Amino acid sequence: MRFTPIVPLIAGLLAAGQVEPARAHGSVALEDDLCVIDIDFLTAHFTIFQPETRGAEEFCEDVPEAARSVFIMEYLHELLEEMRVDFRIIRDDTGIGRFADWNDILAMGDLEPLTVHYQAPSIEPSGYFRASHEFSERGSYIGIVTASHPTEARDYRAVFYFQVGRNWGSFPLFIALIAIAQLGYWAANGRWRRLGKRTPD
């Protein structure tokens, strides 16, 4: 197989991180194949399930279906077991996306019109926090976790962007442009003419 200059270009872009079909966002990240959420300096294992549509398959943020989704945090810091923790999901109507942080949330003002799910604060001494929400629409959302210190007037937060329903963004357009560029390269160097002149054995 002969490699044309367009192939190293694709490899270079992939290596440089220009094409990112999937990655974690905001306070949620993949560490050693585990999904971890950072609530300020506090951490927890973070997993999403869609039991009715995807069985026991695990997701780290983005989920493929607009369906019931179960969010689970397994606390890695004992202090979280003493904290009141709440969980909110809002629509990303502002288009902030993966760069959303707590300052962006504050700038939105009243979150109630954007909220699709809110779980009131609770203390989970078992070390597991669980929330469930039935998504009715595909789209972009932002999750907000707030943990309140048990003895001090101090809150810790995690903000993360996620998508419901597979959304490839500009990736299909990128692939189409690559294909057009490859065809243009073949046309420019006479590849099509050589192929047209080739006769079967």
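A. Spatial organisation of the overall build of the chain. Along the backbone of the chain there are five helices and ten strands. Out of the 201 residues in the chain, the part that is buried amounts to 36%. Look at the contacts in the chain between residues 6 or more apart in sequence, and 66% of them connect residues 24 or more apart. Put simply, the chain shows about 11,900 Å² of open surface, and 54% of that area lies on carbon and sulfur atoms.

B. Fine view of the nonpolar core. Core analysis: the biggest nonpolar cluster contains 29 residues, and Ile 37, Ile 39, Phe 46, Phe 71, Met 73 and Val 145 have the highest contact counts within it. Those elements that place two or more of their residues in this core are β2 (34–39), β3 (42–49), β5 (68–75), β6 (84–91), β8 (128–134), β9 (139–148) and β10 (155–164). If you tally residues by element for this core, the top one is β10, at five residues. Ile 90, Ile 105, Met 108 and Leu 114 belong to the second-largest nonpolar core, a separate cluster that totals nine residues.

C. Up close: the state of the cysteines. Overall, the coordinates contain one disulfide when judged by the stated rule. Across the disulfide from Cys 35 sits Cys 60; the S-S distance is 2.0 Å. Between Cys 35 and Cys 60, the S-S torsion sits near 65 degrees, and that sign places the bridge as right-handed. In this pair, Cys 35 is assigned in strand β2 and Cys 60 in the loop between β4 (58–59) and β5, connecting sequence segments 25 residues apart.

D. Focus on the pattern of salt bridges. Scanning all chains against the criterion turns up seven salt bridges. Between Arg 88 and Glu 112 there is a salt bridge, and its shortest N-O distance comes to 3.2 Å. Of the two residues, Arg 88 sits in strand β6 while Glu 112 sits in the loop between α3 (102–107) and β7 (115–123), which places them 24 residues apart along the sequence. Look at Arg 88 and you get buried, because its relative accessible area is 15%. As a salt-bridge pair, Asp 93 and Arg 91 come within 3.4 Å of each other at their nearest N and O atoms. Relative accessible area serves as the criterion here: at 27%, Arg 91 is assigned to the partly exposed category. Salt bridges here are not isolated pairs; linked through shared partners, they connect Arg 54, Glu 57 and Glu 65.

E. The arrangement of unusual backbone geometry in detail. A positive phi is found at Asp 40, a non-glycine position, where the angle reads about 60 degrees. Mapped onto the elements, Asp 40 comes out in the loop between β2 and β3. Of note, the phi angle at Glu 61 is positive, near 85 degrees, even though the residue is not glycine. Given the relative accessible area of 0%, Glu 61 is considered buried.

Cut-offs used in this document
- Residues numbered from 1 in each chain as written.
- Predicted model: local features only at pLDDT ≥ 70, side-chain atom pairs only at ≥ 80, totals over all residues.
- Heavy atoms only, no water.
- Helix = DSSP H or I, 4+ residues; strand = E, 2+ residues; numbered from the N terminus.
- Buried < 20%, exposed > 50% of the residue type's maximum accessible area, 1.4 Å probe, protein only.
- Contact = heavy atoms within 4.5 Å.
- Areas by Shrake-Rupley, 256 points an atom, 1.4 Å probe, with all protein chains shown as cover.
- Core = buried A, V, L, I, M, F, W, Y, C linked by side-chain atoms within 4.5 Å.
- Disulfide = S-S within 2.5 Å.
- Salt bridge = Lys/Arg side-chain N within 4 Å of Asp/Glu carboxyl O.

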